Amino acid sequence: MKKQYITFILSIYSILLSAQNTATVSGTLRDAQNGETLIGATVEALGLGKGNVSNEYGFFSFTLPEGKDSVTLRFSYIGYQTTLRKIKPTGAIKLNVSLRSEDNVIQEVVIKANSLEEKVKSTEMSVMTISTREAKLLPALLGEVDIIKILQLKPGITAGSEGTTGIFVRGGGADQNLIVLDEAVVYNANHLFGFFSTFNSDAVKDVKVYKGGFPAQYGGRLSSVIDVRMKEGNNQKFSGEGGLGLIASRLTLEGPIQKDKSSFIVSGRRTYADIITRSINKANEGKKDYNPIPDYYFYDLNTKVNFTLSEKDRLYLSGYFGRDVFTFKDASFNFLFDWGNTTGTARWNHVFGPKLFSNTTFTYSDYRYRIRNILTGFFFNLGSNVKDANTKVDFYYQPNNRHTVRFGANATYHDFIVGRLKAGSDDGEVKFESGQTFDGMEYGLYGNDEWAITDRLKISYGARLSAWQNKPAFNMNIEPRAAINYAITNKWSVKGSYSRMNQYVHLLASSGLSLPTDIWYPSTKGIKPEISDQVAVGTSYLAGDNVLITWEAWYKWLRNQLDFKDGAELFGNNDLEGQLTIGKGHAFSPLELEIEKKEGKVTGWIGYTLAWTKRDGFPDINGGKEFPPRFDTRHNLSIVALWNLSKRWQITATWVYTSGYVSWLPSGRFSFQDIPGGQTQALVPIYGDRNTYRYPAYMRADLGIVMRWKGRHTDNDLTLSVYNATDRRNPYFIYLDAETVKTPVGDAPTRIFAKQVSLFPILPSLTWNFKF
């Protein structure tokens, strides 16, 4: 123990010693055209092998040996012109740099991870970054660009049901993904029952996704982190963009409040099917035997302002407001179903000095749904709500080029209204009410150091201390995080990582779909936090200068997993815990492979995953025996290609193959009659072990053609997307039916057969996008 203590003191001393006789270069990297910060841009001192990458706030810092000779710095970022700056390395040097876009930026790669070389060198594993500007090129369902659906094309991520935005990452459930928008939690990232996500691509700047090897600053979910960051607003000039599609329209306006000092952005999206249905209903109002058509629409509104208070301080205020509204009304029936998210973020960046940067954040999240039904003489209301208020502070400290230290803390107050049901008669004689309310506090304290031990060996090590308090329950857990990278050559490295995560809030879902009526429920004395441990190994190889090959293998252990007992009742029940059962699970993959090409006329990637996912130990499900969850798919293959024909024309294509989902179907049926020769009273299904039937494989090809042209004051493109271009009818769900015939002794089933329900045939769509 004494030897370890001395070693620790010597390590601290060596860090302090290395800071002597050095110059520190720090600053912020931005887009010269609009002032947006650049995340993951590279800074390098030519000939010295020194440099760094800008963090999620665009800030960078690194040290150089002091000297009289000038040093040339190179600033580079995918899709931007490389910039060179000469400096004399003495003292603390503040250097804010703006990079200009290249003319062919639209032809750059769709998915990037900082840069290819940085991805090889980094200790980060299972990480990718998505640029929405390039994601708009891919063909999309009904022309609506969707970032979440692009994630489904990556290895290690399994899609939910056809067309939906549900994702299952490395064997985890749909609720085990931490989705944050400007650091505020988004509890339900879906519109139209999961067919579209809540993220308007025109308002989003950057999306970073972690499938494993989670940094210590993240916690609260088991399987992934999807970190979505909004644009900050153009602080150079007023501009706008938008689009007119088959089902929705979008408009974004942004500009400076004070040039170079402050800016704003407002972005809205809305569907307009309800305008058509209301017109039809109004035209047919009063007609005999006319049944009104239900109304449905959704909308998103993103807003953000930011202010440069001084050279060291910047303030950001952002908000998101989104709703889905479904209504149906006739003479005796009035039905309303609405749900949505509200988030707010206040963020303060402060630079203490060239080596220390901080970010202090306050966020608010509110997700709720409401069902209101009014009949003649009777009504009922059903709803649920979860609200969060969070404060956190994060520090970024770079004492020298070999160490990057992050540390911070956060506290979140949760408020839950679970399954609130109110019903009664108009005269007040009949009244009924049920539901539960909870609250709780969630805490986090973390520290992490990325240490370049040598030029070839890097390690990242740290831990997160998480805690949950919900009287009388209290849980505290240590979550270690570690990663290692060894560079065999400049273009080939091997990596490994380990992480533990705890989840204190849980989604109680009544089906395999992501429905807005699913309920979020806290950990209590009877419900322990869910826990996952994940270990991964892999390698990254840069073939030539523009093809990156990444292989990973991983294993994940899951404990305290929640599910409903067979026959559980979800609504109108004040004892939801009594309807739950607790078990465990595991998932593993020996092969998660990605090959991505970054440059040339044809770019894109190929992703393949071979994986197994299992659940077991649930005493009230499948007799406690092991079974695969619905999203256990053995093979997942995706191919994405973008072909640049010219500056005006581009062809894009995607092809997806997925092993069929598993399902629980009856293995047989029996019937009985009240008396011999009488009518059959019932057909009773017989179920065997859970999820033993596998659907047919899912295959889909999508095509897209993009044509661009310049107007007098606008840049335009017309995008033709063809979803499911081969018109393959993939199964949405399968059910069993019985065919009956007349017999001398009555009706009797003669054949039981499976019927498949499919959603989407071939679906072409046309979208006009513009910028000014």
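The structure displayed is predicted, hence computed values, not measured ones.

Peer 1: Can you walk me through the overall build of the chain in this structure?
Peer 2: Secondary structure summary: the chain contains 5 helices and 48 strands in total. Across the 772 residues of the chain, 54% fall into the buried class.

Peer 1: Whenever I open this one, helix α5 (residues 273-283) confuses me. Can you help?
Peer 2: For an α-helix, 3.6 residues make a turn, and residues three or four places apart therefore share a direction. Turning to α5, its buried residues number three or more, namely D274, T277 and N281. Viewed along the axis of α5, the buried residues span an arc of 65 degrees, placing them on a single side of the element. Turned more than 90 degrees away from the buried face of α5 sit I276, K282 and A283, all of them exposed. Lining the buried residues of α5 we find β21 (262-271) and β22 (295-308).

Peer 1: I'm lost on the environment of Q33 in this one. Help?
Peer 2: Summarising the element assignment, Q33 is placed in the loop between β1 (22-31) and β2 (42-45). For Q33, a relative accessible area of 46% gives the class partly exposed. Ignoring sequence-local partners within four residues, the contact set of Q33 consists of S101, N234 and Q236.

Peer 1: In this structure, what is going on with the pairing of β22? I would like to understand it.
Peer 2: Side chains on a regular strand alternate between the two faces of the sheet. With 9 bridges connecting them, β21 and β22 associate as antiparallel partners. The residue bridging S262 from the neighbouring strand is F307, located in β22. Sheet analysis places β22 next to strand β23 (residues 313-329), joined by 14 bridges and oriented antiparallel. When the bridges of β23 are listed, K304 appears paired with S318.

Peer 1: Would you mind showing me how to read the pattern of salt bridges here?
Peer 2: Two side chains carrying opposite charge are able to pair once their charged atoms lie near each other. All chains considered together, the criterion is met by 37 salt bridges. The shortest N-O distance in the salt bridge between R74 and E44 comes to 2.6 Å. Residue R74 is located in strand β5 (residues 71-76), and its partner E44 is located in strand β2; the two are separated by 30 residues in the primary sequence. Residue classification places R74 among the partly exposed positions, given a relative accessible area of 31%. A single network of salt bridges, built from pairs that share partners, joins E183, D227, R229, R347, K392 and D394.

Peer 1: How should I be thinking about the environment of A174 in this particular structure?
Peer 2: Within the element layout of this structure, A174 appears in the loop between β12 (167-169) and β13 (177-181). What makes A174 partly exposed here is its relative accessible area of 35%. Contact partners of A174, with chain neighbours within four places excluded, come to I167 and F168.

Peer 1: What is the right way to look at the packing of aromatic side chains in this model?
Peer 2: The description of an aromatic ring pair rests on the distance of the ring centres and on the angle between the ring planes. Scanning all chains against the criterion turns up 28 aromatic pairs. Arranged with centres 6.3 Å apart and planes meeting at 35 degrees, the rings of F352 and F395 form a pair that is tilted. With a gap of 43 residues between them, F352 in the loop between β24 (333-351) and β25 (356-375) and F395 in strand β26 (residues 378-400) connect regions that are remote in the sequence. A relative accessible area of 43% places F352 in the partly exposed class. Between W468 and Y504 the ring centres are 6.0 Å apart and the planes differ by 5 degrees, which places this aromatic pair in the stacked class. Linking W468 in strand β29 (residues 457-470) with Y504 in the loop between β31 (492-503) and β32 (505-508), this pair joins segments that are 36 residues apart in sequence. Accessibility classification places W468 together with Y504 in one group, the buried group. Taken together, the aromatic side chains of Y57, F59, F357 and Y396 make up a single cluster linked through ring pairs. In this structure, R347 packs its charged tip against the face of Y316, placed 4.1 Å from the ring centre. The side chain of R690 reaches across the aromatic face of F627, ending 5.7 Å from its centre.

Peer 1: Sorry, what's going on with the nonpolar core here?
Peer 2: Where a protein is soluble and globular, its nonpolar side chains tend to be buried together. One finds L151, F199, V207, I226, Y369 and F416 to be the most contacted residues of the largest nonpolar core, which totals 78 residues. In contact with V207, other than residues within four places in its own chain, are M128, T129, I130, I147, I226, D227 and V228. Listed in part, the 19 residues of the second largest apolar core include A41, F60, F62 and V97.

Peer 1: Teacher, can you tell me more about unusual backbone geometry here?
Peer 2: A negative phi holds for most residues other than glycine; trans holds for most peptide bonds. The residue after K471, namely P472, is reached through a cis peptide bond having omega 0 degrees. Examined against the element boundaries, P472 turns out to sit in the loop between β29 and β30 (473-489). One non-glycine residue, S126, lies in positive phi territory at about 60 degrees. Take S126: it is sitting in the loop between α2 (116-121) and β10 (127-130).

Peer 1: Honestly, the side chain of H191 in this entry has me stumped. Any pointers?
Peer 2: Take H191: it is sitting in strand β15 (residues 190-191). The buried category is assigned to H191, whose relative accessible area is 1%. A distance of 2.7 Å separates polar atoms of two side chains, one belonging to H191 and the other to D300. Setting aside chain neighbours within four positions, we find H191 in contact with F196, S197, T198, R269, Y296, F298, Y299, D300, Y320, R323 and D324.

Peer 1: Is there a simple way to explain the side chain of D324 in this structure?
Peer 2: Tracing the sequence through the fold places D324 in strand β23. Despite being buried, D324 has no salt bridge partner; R323 is the closest side chain of opposite charge, sitting 7.9 Å away. A distance of 2.5 Å separates a polar atom in the side chain of D324 from a polar atom in the side chain of H191. Non-local contacts of D324, meaning those with residues more than four positions away in its chain, are made with N190, H191, L192, Y296, Y297, F298, F337, D338 and W339.

Peer 1: How should a nonpolar patch on the surface be read in this particular structure?
Peer 2: Taken together, V602, W643, L645, W649, I651, I705, L720 and L766 make up a surface patch of nonpolar side chains, about 670 Å² in accessible area. With respect to the secondary-structure elements, I705 resides in strand β44 (residues 698-710). Classification of I705 by relative accessible area gives partly exposed; the value is 36%.

Peer 1: What am I meant to see in the sheet that holds β2 here?
Peer 2: Sheet strands associate in pairs through backbone hydrogen bonding, adopting either a parallel or an antiparallel arrangement. Strand order across the open sheet formed by 4 strands is β3-β2-β5-β6, with antiparallel pairing between neighbours. The open sheet has two free edges, formed respectively by β3 (50-53) and β6 (83-87), since each of these has just one partner strand. Taking each pair of neighbouring strands and ignoring which way they run, the sheet shows an average axis angle of 15 degrees. Relative to β6, β5 is paired through 5 bridges, and the arrangement is antiparallel. Each residue of the ladder has a partner; that of F75, found in β6, is T83.

Peer 1: Just checking my understanding: could you explain the confidence of the model for the chain for this structure?
Peer 2: Do not read the predicted coordinates in detail wherever pLDDT is low. In the predicted model, the chain carries a mean pLDDT of 84, and 88% of its residues have values of at least 70. Of all helices and strands in the chain, the one with the weakest mean pLDDT is strand β9 (residues 111-112) (41), whereas β31 scores best (96). Long-range and interchain partners of residues 1-11, a stretch whose pLDDT sits below 50, account for 0 contacts in this model, where long-range means more than four residues apart. Here residues 104-114 scores under 50 on pLDDT; set against residues more than four positions off or in separate chains, the count is 44 contacts.

Peer 1: Just to check I follow, could you spell out the pairing of β5 for this structure?
Peer 2: Residues V71, L73 and F75 line the buried face of β5, whereas the alternating positions T72, R74 and S76 sit on a face that is not buried. As paired elements, β2 and β5 share 4 bridges and run antiparallel to each other. Its bridge partner lying in β5, A45 is registered against L73.

Peer 1: In this structure, what is going on with the environment of E433? I would like to understand it.
Peer 2: Within the fold, E433 resides in strand β28 (residues 431-452). On the basis of relative accessible area, E433 is assigned to the partly exposed category, the value being 49%. If near-sequence neighbours (up to four positions away) are discounted, E433 is found in contact with R420, L421 and K422.

The rules behind these values
Residues numbered from 1 in each chain as written. Predicted model: local features only at pLDDT ≥ 70, side-chain atom pairs only at ≥ 80, totals over all residues. Heavy atoms only, no water. Helix = DSSP H or I, 4+ residues; strand = E, 2+ residues; numbered from the N terminus. Buried < 20%, exposed > 50% of the residue type's maximum accessible area, 1.4 Å probe, protein only. Arc of directions from axis to C-beta. Contact = heavy atoms within 4.5 Å. Pairing = 2+ DSSP bridges. Salt bridge = Lys/Arg side-chain N within 4 Å of Asp/Glu carboxyl O. Phe/Tyr/Trp six-rings, centres within 6.5 Å; stacked < 30°, edge-to-face > 60°. Lys NZ or Arg CZ within 6 Å of the ring centre and 35° of its normal. Core = buried A, V, L, I, M, F, W, Y, C linked by side-chain atoms within 4.5 Å. Polar contact = N/O pair within 3.5 Å; in protein donor to acceptor, adjacent residues only side chain to side chain. Lys, Arg positive; Asp, Glu negative; His and termini not counted. Patch = residues over 30% accessible without salt bridge, like charges linked within 9 Å, V, L, I, M, F, W, Y side chains within 5 Å. Areas by Shrake-Rupley, 256 points an atom, 1.4 Å probe, with all protein chains shown as cover. Axes fitted to C-alpha atoms, helices over the stretch in contact; angles between N-to-C directions. pLDDT = per-residue confidence, 0-100.

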